[in-house]
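Residue-level structural notes
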Amino acid sequence: MSASGDASKVNNLTPQEVAQGLAEGRILLVDVREPNEVAVESYPQAVVVPMSQFDPAAIPDPAGKEVVFACRSGRRSVTASLAAQEGGFPYVSHLAGGILAWKAAGLPTKT
């Protein structure tokens, strides 16, 4: 079974849901963009695990929090979630629309 087109195993979360989860300490946000992208603009409170060298084992222990992947537009975060699941990790959520949707929702970024 190929994971490439199977986004059914990935939960789409809205920027508002992710922001609320972060504020309440329920979410560990994992930014899978590359360091050069993150240097320009980043999510507050995100852990960076670049897709180019993605290893789900490099993600810090979420300690009971929900792991949510994020990228620029929402494509790489789905790929990361599926890759983590293939690696045996129960990480099934991503920020739909990525940082573009995050900013469109009026949420803060670090520059």
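That block above? That's the structure.
So, here's what we can say about the structure. (Residues numbered from 1 in each chain as written. Predicted model: local features only at pLDDT ≥ 70, side-chain atom pairs only at ≥ 80, totals over all residues. Heavy atoms only, no water.)

**Details of the environment of Pro15**
One can find Pro15 in helix H1 (residues 15-23). When the C-alpha positions of Pro15 and Ala101 are compared, they lie 6.7 Å apart, and in sequence the two are 86 residues distant. The residues contacting Pro15, other than those within four sequence positions of it, are Leu95, Ala96, Ala101, Trp102, Ala105 and Leu107. (Helix = DSSP H or I, 4+ residues; strand = E, 2+ residues; numbered from the N terminus. Contact = heavy atoms within 4.5 Å.)

**Regarding the sheet that holds strand E5 (residues 93-95)**
Pairing is parallel across the open sheet formed by five strands, whose spatial order is E1-E5-E4-E2-E3. Single-partner strands in this sheet number two, and they are strand E1 (11-13) and strand E3 (46-48). The sheet shows a mean angle of 35° between the axes of neighbouring strands, taken without regard to direction. As judged from the three bridges shared by strand E2 (residues 27-31) and E3, these two strands associate in the parallel manner. Paired with Leu29 across the bridge in E3 is Ala46. (Pairing = 2+ DSSP bridges. Axes fitted to C-alpha atoms, helices over the stretch in contact; angles between N-to-C directions.)

**Points about helix H3 (residues 75-86)**
Under the 1.5 Å per step criterion, the end-to-end length of H3 is 17 Å for twelve residues, consistent within 8% with the ideal 16 Å. Within the sequence span of H3, burial applies to Ser77, Val78, Ala80, Ser81, Leu82, Ala84 and Gln85. Contacts from the buried residues of H3 go to strand E4 (66-70) and E5. Taken from the residues just after H3, Gly88 is the one with a positive phi, measuring 90°. (Expected span 1.5 Å × (residues − 1). Buried < 20%, exposed > 50% of the residue type's maximum accessible area, 1.4 Å probe, protein only.)

**Description of the side chain of His94**
Position of His94 relative to the elements: it lies in strand E5. If near-sequence neighbours (up to four positions away) are discounted, His94 is found in contact with Val10, Asn11, Asn12, Leu13, Val68, Phe69, Gly74, Ser77 and Val78.

**What about the pairing of E4?**
Of all five residues making up E4, four are buried, and the element is well covered by its neighbours. Here five bridges tie E2 to E4, and the two strands are oriented parallel to one another. Of the residues in E4, the one forming a bridge with Asp31 is Ala70. Relative to E5, E4 runs parallel, the two being bridged by two bridges. Within E5, the position partnered with Val68 by the bridge is Ser93. Since E4 and E5 lie parallel, the crossover through H3 that links them has a hand, and here it is right-handed. (Right-handed = clockwise from strand over helix to strand, strands pointing away.)

**Focus on the packing of aromatic side chains**
Across all of its chains, the model carries four aromatic pairs by this definition. Summarising the aromatic geometry, the rings of Tyr43 and Trp102 are spaced 5.5 Å apart at their centres and angled 80° between planes, so their arrangement reads as edge-to-face. Remark: Trp102 occurs in helix H4 (residues 98-104) and Tyr43 occurs in the loop between helix H2 (35-40) and E3; sequence separation between them is 59 residues. By relative accessible area, Tyr43 is classed as buried at 1%. Exposure remark for Trp102: the relative accessible area of 2% places this residue in the buried category. (Phe/Tyr/Trp six-rings, centres within 6.5 Å; stacked < 30°, edge-to-face > 60°.)

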